[in-house]
Structure formats: C-alpha cells, structure tokens
Amino acid sequence: MDNLAENSAKKGGTDLETLDYLRGVKSSTCLLLPMTPSPTQLDFKHPLSEEMTEGAFLTLNDDSKIVDLQCSPDPCSGDSSSSADSNSVVQDPVSAQLINNISMLDYQTLSKNGDIIGQPEICKLNGSLNVSNRKLPHFVNWNWCIIRKVLLWFVVSGLVACTGTIIAMVINIPKECNPDLPWYQGKVFYEIFPASFKDSNNDGMGDLKGLIKKLDYIKDLGGSSIRLNYIFEAQNYPENYYNTTSLLQIDRSLGVLKDFQELVTEAHKRNMGVILDIPVLSMAETLNKYDENDTFVFSIDPQESNFDATSAAIAYWSRAQNVDGFYLKNLEKFVDDVNFGKSLQVWKQILGYGKIFIASEEALNMAKDTSLTVLLSRIDLIDVHLDLQKGIDGLKKHIEGLVPGILWDKPHYPWIQWNIGNVNSERISSKHQNNTLVLTALELVLPGTVSIFYGDEVSLGGLSENEMEGDFHEHEHIHNLIPMSFNGEDKVDNNSPASILPWNSKSVLEPQYQNLNVVRSLIRLRSTTPTIYLKSIYKEGRIQRSMEIRETEGNLIVIERWFPRRNTCVFVGNLGNKPITTDLSSMFYGGIVIGSTNMSLVGEAVYLEKVTFEPFSAIILKLEK
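As the structure is a prediction and not an experimental result, all values here were calculated from the model.

A.B. asks: Would you explain the packing of aromatic side chains in this entry?
C.D. replies: For any pair of aromatic rings, the description consists of the separation of the ring centres together with the inter-plane angle of the planes. Tallying each qualifying case throughout the model produces 19 aromatic pairs. For the ring pair Phe193 and Tyr241, a centre distance of 5.3 Å and an interplane angle of 65° mean the geometry is edge-to-face. Placement of Phe193 in the loop between β3 (188-192) and α5 (208-213) and of Tyr241 in the loop between β5 (232-234) and β6 (244-250) is noted, with a sequence separation of 48 residues between them. We note that Phe193, like Tyr241, is buried. An aromatic cluster is built from Tyr190, Phe197, Tyr217, Phe453, Tyr454 and Phe486, whose rings are joined through pairwise contacts. In this structure, Arg427 packs its charged tip against the face of Tyr454, placed 4.7 Å from the ring centre. In this structure, Lys535 is placed above the aromatic ring of Trp408, and the distance from its NZ or CZ to the ring centre is 5.1 Å.

A.B. asks: Help me understand the pairing of strand β16 (residues 556-561), please; the structure alone is not making it clear to me.
C.D. replies: Looking down a regular strand, the side chains alternate between one sheet face and the other. The element β16 is extensively covered by neighbouring structure, given that six of its six residues are classed as buried. When strand β15 (residues 547-550) meets β16, the two strands line up antiparallel, connected through four bridges. By the bridge assignment, Glu548 is partnered in β16 with Glu560. Hairpin connection, β15 to β16: the antiparallel pair is bridged by five residues, and Gly554 has positive phi, about 55°. Pairing of β16 with strand β17 (residues 569-574), which is carried by six bridges, proceeds in the antiparallel orientation. Within β17, the residue paired with Ile557 across the bridge is Gly573.

A.B. asks: Explain the sheet that holds strand β20 (residues 605-607) here, please?
C.D. replies: Across a sheet, paired strands are connected by hydrogen bonds in the backbone, their directions being either parallel or antiparallel. Strand order in the open sheet formed by six strands is β15-β16-β17-β22-β19-β20, with antiparallel pairing between adjacent strands. Edge positions in the sheet fall to β15 and β20, since each of these pairs with one other strand and no more. On average, adjacent strands in this sheet sit at an angle of 30° to one another, irrespective of strand direction. Summarising the sheet, strand β19 (residues 590-596) and β20 pair through three bridges and their orientation is antiparallel. By the bridge assignment, Gly590 is partnered in β20 with Tyr607.

A.B. asks: What is the right way to look at the packing of helix α9 (residues 340-351) against helix α11 (residues 369-378) in this model?
C.D. replies: Geometrically, a packed helix pair is captured by the angle between its two axes and the distance between the axes. Relative to each other, α9 and α11 sit at 15°, their axes nearing to 8 Å. Overall, the two elements α9 and α11 adopt an arrangement that is roughly parallel. For the pair α9 and α11, the sense of crossing is left-handed. Facing α9, whose interface residues are Phe340, Gly341, Leu344, Gln345 and Lys348, α11 presents Ser371, Val374, Leu375 and Arg378.

A.B. asks: What exactly am I supposed to notice about the packing of helix α14 (residues 436-443) against helix α16 (residues 515-527) here?
C.D. replies: Closest axis-to-axis distance for the α14/α16 pair is 10 Å, and the angle between their directions is 10°. Taken together, the axes of α14 and α16 are roughly parallel relative to one another. Contacts from Leu437, Thr440, Ala441 and Glu443 of α14 reach α16 at Asn515, Val518, Val519, Leu522 and Arg526.

A.B. asks: Explanation requested: the pattern of salt bridges in the structure shown.
C.D. replies: Side chains bearing opposite charge may pair, as long as their charged atoms lie close to each other. Throughout the structure, instances matching the rule amount to 11 salt bridges. A salt bridge links Asp277 to Arg227; the shortest N-O distance between them is 2.8 Å. Of this pair, Asp277 sits in strand β7 (residues 273-279) while Arg227 is found in strand β4 (residues 225-228), placing the two residues 50 residues apart along the sequence. Of the charged contacts, one joins Arg550 and Glu548 as a salt bridge, the two residues approaching to 3.9 Å between their closest N and O atoms.

A.B. asks: Just to check I follow, could you spell out the environment of Val264 for this structure?
C.D. replies: Examined against the element boundaries, Val264 turns out to sit in helix α7 (residues 257-269). Between the C-alpha atom of Val264 and that of Asn322, which follows or precedes it by 58 residues, the distance is 7.5 Å.

A.B. asks: Could you clarify how one ought to interpret α7 in this entry?
C.D. replies: Look at α7: 18 Å from first C-alpha to last across 13 residues, which is about the 18 Å you get at 1.5 Å a residue. When we look at burial in α7, the residues that qualify are Asp259, Phe260, Leu263, Val264, Glu266 and Ala267. Buried residues belonging to α7 abut α5, α6 (215-221), β4, β6, β7 and α8 (309-320). One or two residues past the end of α7 sits Asn271, with phi positive at roughly 60°.

A.B. asks: Teacher, can you tell me more about the sheet that holds β3 here?
C.D. replies: Taken in spatial order, the eight strands of this closed barrel run β3-β4-β7-β8-β9-β10-β11-β12, and their pairing is parallel. Across this sheet, the average inter-strand angle for adjacent strands is 25°, counted without regard to direction. When strand β8 (residues 325-329) meets strand β9 (residues 356-360), the two strands line up parallel, connected through three bridges. Residue Gly325 lies in a different strand from β9, and its bridge partner there is Ile356. Set on the sheet, α9 makes contact with β8 and β9; between it and β9 the angle comes to about 145°.

A.B. asks: Explanation requested: a positive patch on the surface in the structure shown.
C.D. replies: A contiguous patch of positive charge on the surface is contributed by Lys209, Lys213, Arg252 and Lys258. Inspection of the secondary structure puts Lys213 in helix α5.

A.B. asks: Would you mind going over unusual backbone geometry with me for this structure?
C.D. replies: Residue Pro238 is bonded to the preceding Tyr237 through a cis peptide linkage, with omega at 5°. In this structure, Pro404 follows Val403 across a cis peptide bond, with omega equal to -15°. As for its position among the elements, Pro404 is in the loop between α12 (391-402) and β11 (415-419). A positive phi angle is found at Asn322, which is not glycine, with a value near 65°. Structurally, the position occupied by Asn322 is in the loop between α8 and β8.

A.B. asks: What's the story with the nonpolar core in this structure? I'm lost.
C.D. replies: By size, the foremost hydrophobic cluster in this structure holds 120 residues, and its most contacted members are Trp317, Leu328 and Trp347. Grouped together as the second largest cluster of nonpolar side chains are 15 residues, Val593, Val606, Phe613 and Leu621 included.

A.B. asks: Just to check I follow, could you spell out the side chain of Asn435 for this structure?
C.D. replies: Within the secondary structure, Asn435 is located in the loop between α13 (428-431) and α14. Looking at Asn435, the relative accessible area reads 5%, which means it is buried. Setting aside chain neighbours within four positions, we find Asn435 in contact with Leu388, Asn574, Leu575 and Phe616.

A.B. asks: Can you help me understand the environment of Asn504 in this one?
C.D. replies: For Asn504, the location among the structural elements is in the loop between α15 (465-470) and α16. Separated by 266 residues in sequence, Asn504 and Pro238 place their C-alpha atoms 9.4 Å apart. Asn504 has contacts with Leu463, His475, Ile478, Leu481, Ile482 and Pro483, leaving out every residue within four places of it along the chain. One polar contact links the side chain of Asn504 to the main-chain carbonyl oxygen of Ile478, over a distance of 3.0 Å. For Asn504, the side chain forms a polar contact with the main-chain oxygen of Leu481, separated by 3.1 Å.

Parameters at a glance
- Residues numbered from 1 in each chain as written.
- Predicted model: local features only at pLDDT ≥ 70, side-chain atom pairs only at ≥ 80, totals over all residues.
- Heavy atoms only, no water.
- Phe/Tyr/Trp six-rings, centres within 6.5 Å; stacked < 30°, edge-to-face > 60°.
- Helix = DSSP H or I, 4+ residues; strand = E, 2+ residues; numbered from the N terminus.
- Buried < 20%, exposed > 50% of the residue type's maximum accessible area, 1.4 Å probe, protein only.
- Lys NZ or Arg CZ within 6 Å of the ring centre and 35° of its normal.
- Pairing = 2+ DSSP bridges.
- Axes fitted to C-alpha atoms, helices over the stretch in contact; angles between N-to-C directions.
- Parallel < 35°, antiparallel > 145°, perpendicular 65-115°, else oblique.
- Left-handed = near helix turned anticlockwise from the far one by under 90°.
- Contact = heavy atoms within 4.5 Å.
- Salt bridge = Lys/Arg side-chain N within 4 Å of Asp/Glu carboxyl O.
- Expected span 1.5 Å × (residues − 1).
- Patch = residues over 30% accessible without salt bridge, like charges linked within 9 Å, V, L, I, M, F, W, Y side chains within 5 Å.
- Areas by Shrake-Rupley, 256 points an atom, 1.4 Å probe, with all protein chains shown as cover.
- Lys, Arg positive; Asp, Glu negative; His and termini not counted.
- Charge placed at Lys NZ, Arg CZ, Asp CG, Glu CD.
- Core = buried A, V, L, I, M, F, W, Y, C linked by side-chain atoms within 4.5 Å.
- Polar contact = N/O pair within 3.5 Å; in protein donor to acceptor, adjacent residues only side chain to side chain.

In structure tokens, the structure reads:
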C-alpha cells in the first residue's frame, strides 16, 4: 500500500509538473507526450453491436513494445499548437496516442529552416541523416527560390520566342500567291539587233559593249531576257547579216568573245536570260553515232568540234558560253527532212536542262505526224507575229485560231511567244503609227510570253518610202533595222568630235518617249497579274482556256481573261480612228481601270452601260469577283 501511495505521489507530481510546463508555453513542442502511457493493442467493435458496453472505449496498459519518444525543449522545437491544445491532449490520452502514432510514423513536421520539430538540435536535415530510420529526399534542401526564378525565366523566354516567331511568320507571309513558272513562261523578252542598238565607240555601228551599258534600261522597262538577232560572222555584215559564214564566231564589228562573255555575265547578274538567233544550216549528221542516252563531249575550242555546224554551235554557245536558249531560224525549211525529229532530240539533249528552243509559227504549221510530235515535245516557245495586214477581223481570227488550239492539248506543249514586231517584219508604226501602243497593250494581255522588238516601246518607224523605192534590194532586209533612239542622248555635243553617221538611216518617225512610262506600267501589270500571264487553267487533269474574244462592233476589240480565285480582267481597245460609244453592260457591269494607254485613267471606276472609247486607245479593267 505504501508503495502504491508512493508511486501515486510520484506519478501525481509528474503530472502536475507536466501541466505546469504546458501551461507555461504558447504551444506544444513535443510530438509525443512523455507521460502518456502506451495503449494496448486495440480491439475495435462496432458501436451498435451488443458486445459494446458503456465503459471506456479503450483500456490503456503499459506495453514494453511501444517505445516512448523523448522530446526536449530546444531550438529544434517548433510552435505548432497552443497551451489549450496541450491540456486537451493530457486530458484525452487516447487521442494523444493516436495523434502521436500518426505523426511519428507517417508525417514529419518541419520548421522553416529544415529542422524536425521536437527533435534534438542534432536532427537538422542535411540530406544524409535518417529520421525514424528513413532518409529524407534530397530535393528538400534544394534552393527553391533560384529554381522558381529559373523556371520563370524559361517560361517567359519561351513565350517571347513564340511571339517573335509568330510575328516573323506574319511579316514574311507572301503578299501575293502567284504560281511558280519557268523563267521563260509568261515573261517579256526584248529583241535586239545589236548593230542598231547602242554604239559604244562612235564608229557608227552598235556593239556588244554598248548593249552592256543599256542592260539596266531593258531591265527597267520590264524585260526578263534579251534575244539577240544574228550576231555571227557574215559577209558584208550587217547589211547582209543573213549570209552567215560561221556559227562559232561573233562578227568582229560587234566585238570579241570577251565582250560577249561579259554581256552574259552582266545579264545573269540582273537575273536576265540571253537568247541567240541561230540559223539552222543542217540537221544532225551521222545519227548512228548519237544515242538519246549519250553524254556529249565537246571542246571549248570551237575549231575542234566533231559535230555538224548546227549541233556544234548549239553545244558551244550553250555549254561553253552559258547561253540560255536559241531561236532556231529557218527550222521550217527542214520539217520534211528524214532526220528532223531525231535532230531535235539530239539538240535538246545537247542544250541541257533549263534552257529553251524557240521556233516559228510557220514551222508548227508545216510539221506533220512524227515531226509535229517531236516539235511539240522539244520546242519550248512558238513565235507568233501579230499584224493588221488583214484588218481587225483578221487579227481576231488569227488569235482565236491559236487560242485554244493544238498548243492547248497537253500541259507540256510549247507556250506562244507573241510579237507585233521582229527582225523579219515591217515595223507596225510604219503603217499603223497610232496603233503601236494599243497593239502593245493587246499583246501584253494575251496568254503566254511576249516579245518586244527594240524601238517599239517608243513607236519607232522604219525607213522612209522614198529610200525604200529608190533602192529596194539594198534595204530589203534592213528596212526596219533603224538605229535605236534613247531619250536625252540625241543631243549633239559641240565640244565632242563629229560622230560618224550610223550604218543605217534613221527612222522617218520621231520617237514617242512619252510612251515609255505607259509600256513600263503595262509590263509591270502583266508580270504581277496571273490572270493575264498564265496560259490556261489546269483542272481535274484537263486543260481549260482562260481567254475569250467577245463579239463587238467595228474596230473595237474586247478580250476577257479569267482564272480561279482571281479577279477577271477585261481588255477593251479601239484600233480605229474614230470614237466608239457602246453598251457592254450585257457582258460586264463595270470595274476598276488597272492599265491604260492614258495613264490618268488608272484607278478610276468605269461602268460599261454606255461608255465612249477614244480612237487609238485601250484600257484594262479589273472586275469585282
């Protein structure tokens, strides 16, 4: 009994000390109360079962298997509960024990500096100590402040990069979505007779060096390539330029090979092609030694070539001198030759990829059967000359006979190259001076490629009728090869030595320099309008035309051009010498003028219910979709 009393006294004293201690602090610092006895194993019963009694739910007994964890008040301790909570834990030992077990086994309470609450000072977390026989993860001690800053920096940088990428994509989006075509399709060529173009040394004859000086003029006009007429060595050049004696030598009056090489280099720097007129003197010889799969070997020295004259010239100028194509002059004279088809195949293989052949409309009309098939597959452009010899109706029929025609049968067939003037034809200004600008506008709205003969952009004429009648045979081939006239260069400088007269007489007509801006604007319009320059529409494997000449009265020509998802364009030209008032509203309601021979009309809205077209004038309208 005494022992019991003594033990009770001791136990009571301890409880009083604990209560005093807990009341002295603001919160409990121990996870496990030192004086709380450990419970025996719990046998839980359902609260509504009959076996439940009104006694205590749990009986607390000392159990040596349960280890009391000691807590000491030290700097490791935290302040997680109030003194009132501590009192309640003491008064409810069962709750205290359950909380203790859960806290110690499944959860570690940490202070702000990484210490375990209720552990001695030596329990600071350093990533290597064990707490309750369990090693804490390393990420607990990571510098999360820096980590958060780095992650924020990455997120912000990613957002900035994405924003910049989107802005760059928007800026670089093409303003126009035009089909990508080979360099010769839908473009504008500029045809030149070099001896009559630009004289660089005052000897009275144009030359290659002078042409180099005018490349920027041609580029500014809108020419994408230059086509040179007859530059080869000939007897009595240039009067008899057609009497070629060698296809491998440039006539000395034009310059030397180095000049030609410089011309090609400078043209290519300006993204311009160089095309030569080459007379076809023969078909390919000894065809049994040629095969379609052969690799042709040739010498840079033209004298060492083993080919026939035409094949050797094509190989030399295209391979050694980097010429971009050839106009096969006089090809129509060989369409009936037994070797015609095979020769075109050989020449095309010699020519190489990306370079072109041009043939005349006459050659197309004369070729038959196999020759026609080979011509359509090996020629890239068919040159078509437009004139007014058969009047306005004849001009319409000529165009309608070609569009659409055999050239529209298959996608890989040649494109048309339209021209109103060339080295072999009479200048349009000689007989139809006022219509030169209108016809230039007309050819620029036709599907295909366009060729402008030098001087037509300023309406140069040919020789006077008096000179032609006085000595016709002397001027038979050069009546249209008058010297080119450039604005501002015709003034005579009294301080310079007297210049030698040009080899040919000047034009009887004064150049119309005011036409230059009109032609530039029309070429620029064409080059940026797919509705105009595209040949046809390819849909579901079929070729559909994109042009029609509308029926009109008298001298009025109306051409409609269309293309899917593009504005329709309409050309209206009056080639007569009287105004024409008409009603075209049954065809088109109206549109915006995007091109005209009268520049002041560009941008104006025109309604076609009742409109008057001035003589020798033309407009190009863009209709609303």
